[in-house]
Amino acid sequence: MTIIKTWFGEIELHNDEIVHSNVLKADADAIAMRLQEEEFADLDKQYRGRLRQMAIQLGVVTSEEDYISLLRTVAIKRAKEQIAAAFARPDARIMQLIGGIDDIDESINLLSERLLEWDILEFEISRTSDLAETHAPQSTTYPALKHEFAESIERLSEMRKKTAGAIELEMHAIAPNLSSLAGELLGARLIARAGGLESLARMPASKIQVMGASKALFKHLQFGAKPPKHGLIFQHPLIRGSPLNKRGKIARTMAAKLAIAARIDFYSKKAYPELVAQMEKRARELSKPAIREQV
Amino acid sequence: MTVRPHKVAGVFMLDSHLATKGEAIYGEKVFGEYRLWSPQRSKLAALLKKEENVPLRPEQIVLYLGAASGTTVSHLTNIVSLVYAVEFAPRVARDLVRMSEHFKNVVPIIADALQPDYGHIVELADFLYQDIAQPTQAEIALTNAEMFLRTGGYACIMIKARSIDVTAKPKAVYKREVKKLEELLDIMCVHELEPFYKAHAAVIARLA
Ligand SMILES: C[S@@+](CC[C@H](N)C(=O)[O-])C[C@H]1O[C@@H](n2cnc3c(N)ncnc32)[C@H](O)[C@@H]1O
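As the structure is a prediction and not an experimental result, all values here were calculated from the model.

Visitor: For this particular structure, what's the right way to read the packing of aromatic side chains?
Guide: Using the criterion set out here, one finds eight aromatic pairs over all chains in the structure. With a centroid separation of 6.4 Å and an interplanar angle of 80°, the aromatic rings of Phe8(A) and Tyr67(A) are classed as edge-to-face. Here the residue Phe8(A) occupies a position in the loop between β1 (2-6) and β2 (9-14), and Tyr67(A) occupies one in helix α4 (residues 64-88), the gap between them amounting to 59 residues. On the basis of relative accessibility, which here comes to 0%, the residue Tyr67(A) falls in the buried class. A connected cluster of aromatic rings, assembled from ring pairs, spans Trp7(A), Phe8(A) and Tyr67(A). Above the plane of the ring of Tyr197(B) lies Lys43(B), whose end atom (NZ or CZ) is 5.6 Å from the centre.

Here you go:
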């Protein structure tokens, strides 16, 4: 006797004949819910090939077409739930906000470039007085438009501040140690690049160190160029502010501490202020000898 | 423009352009009832453009691993009877799900193909298609072929040499991957996808 668990219910077979079953008839909602709640084992290949026939025989559906249609409805429901769950995680919110900051920056850059070109054009026209007369704007909205561009840039900058503020709050809640060590924004970028706090927590320090430097890393692997010393974490003031020849070492220490911070944040969220103190001390030590040598 | 059927039923050549029949889904060009299928956007299109003998048939059930947002899946649904489309990244799976709502014969599944937990959903498949671009791709293909491919069924596995070993020559990587696949599958042929994809190859195999 064998009991198999399929997406539409449980079936008991004896000598390959169905002797008992507990199936959900054509009820997509109930089936999707069961898929979410229960554990399923693998199916033996001999039964896998008979799924459609068994579903029809048990009256779950009336035809092969119905079988596909019901399965598809269930699968879409289930997939939507999984997607919603993935995006409802707090780190998903952070990733969304980081994406928002990048979009805003890009928009501000574009609009600013446009405005600059606009100014250059007007300057050129104003230099030649006869041009200024023949090329006077045809519409009265023209000067106002330029003003609106400038205002939009202002508004976007405001939005950027608000977004950054929201990131700070979210980061303090889900990643206090990353926040204090890397700063909220850089910490959030690391989470986003890793694909979530959990992935970051599982990453080796060596990978965190070069994260965001993929182009450089690729060149290193492909052409044997010098390995990149720092990716995203290069933005950190402790690294950026240190002597060039010490940056690699400091970045390595930083990556190691960040890996620890991410793990603490993922598993317990307890604040561990020593991390920052250790990092600052180590950075001072690493930066020093170079200065002495120069003296 | 001349239209001629490709050797794979359901695929057409419009002059030198590959196409399937159906409504436009992702912004591809349409001529009458035909949707153009660019080899730049789909490794399967690149394969079909280079090689007409691909064992795809209208009645087949396909298990597709690494469906991404569904570009290739959307053409495949014009060719075969049913596609089980597996993708694990929620971000791209969102587009896949949206696309599945257009087609009667796509079943989207969000899961990790390395640890298949869709054993209670997917039927026995006639064709396993895989475009995963991961170092573990041979392992993924073997696991899934073992669980889901029927005896006599086919597999088409896209190998991206660089995601397995950046330092080795692509040909050496294909060889190594083929060797791994031979554990379970009979290798029929290996087609490089140049010039459409650098250092990519399609392995076509059969489960005896
Ligand atoms: C090269 S893309 C596929 C493109 C797609 N086949 C097309 O032609 O439209 C590879 C996809 O495989 C997915 N992937 C990678 N590893 C996976 C795994 N273990 N399980 C499921 N999907 C995976 C990635 O998320 C990515 O979307």
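Visitor: What is the right way to look at the packing of helix α5 (residues 90-127) of chain A against helix α7 (residues 141-174) of chain A in this model?
Guide: What describes two packed helices is the angle between their axes and the distance between those same axes. All names here are of chain A. In contact at an axis separation of 9 Å, α5 and α7 are set at 160° when each is read in the N-to-C sense. Regarding the angle of α5 to α7, the classification is roughly antiparallel. Judged by the sense of rotation from one axis to the other, the crossing of α5 with α7 is left-handed. Considered class by class, the residues forming the contact of α5 with α7 number 23 nonpolar, five polar and nine charged.

Visitor: So what exactly am I meant to see when it comes to the interface of chain B and chain A here?
Guide: One widely used convention gives an interface's size as the accessible area the parts lose upon coming together. Counting residues at the interface gives 33 residues for chain B and 28 residues for chain A. A buried area of about 2,500 Å², summed over both sides, lies between chain B and chain A, and 64% of it is on carbon and sulfur atoms. When the area that chain B buries against chain A is broken down by residue, the three leading residues are Ile110(B), His120(B) and Glu123(B), summing to 24%. Here chain B and chain A share two salt bridges between them.

Definitions and limits used
- Residues numbered from 1 in each chain as written.
- Chains lettered and ligands numbered in written order.
- Predicted model: local features only at pLDDT ≥ 70, side-chain atom pairs only at ≥ 80, totals over all residues.
- Heavy atoms only, no water.
- Phe/Tyr/Trp six-rings, centres within 6.5 Å; stacked < 30°, edge-to-face > 60°.
- Helix = DSSP H or I, 4+ residues; strand = E, 2+ residues; numbered from the N terminus.
- Buried < 20%, exposed > 50% of the residue type's maximum accessible area, 1.4 Å probe, protein only.
- Lys NZ or Arg CZ within 6 Å of the ring centre and 35° of its normal.
- Axes fitted to C-alpha atoms, helices over the stretch in contact; angles between N-to-C directions.
- Parallel < 35°, antiparallel > 145°, perpendicular 65-115°, else oblique.
- Left-handed = near helix turned anticlockwise from the far one by under 90°.
- Nonpolar A, V, L, I, M, F, W, Y, C, P; charged D, E, K, R; others polar.
- Contact = heavy atoms within 4.5 Å.
- Buried area = accessible area lost by both parts, 1.4 Å probe.
- Salt bridge = Lys/Arg side-chain N within 4 Å of Asp/Glu carboxyl O.

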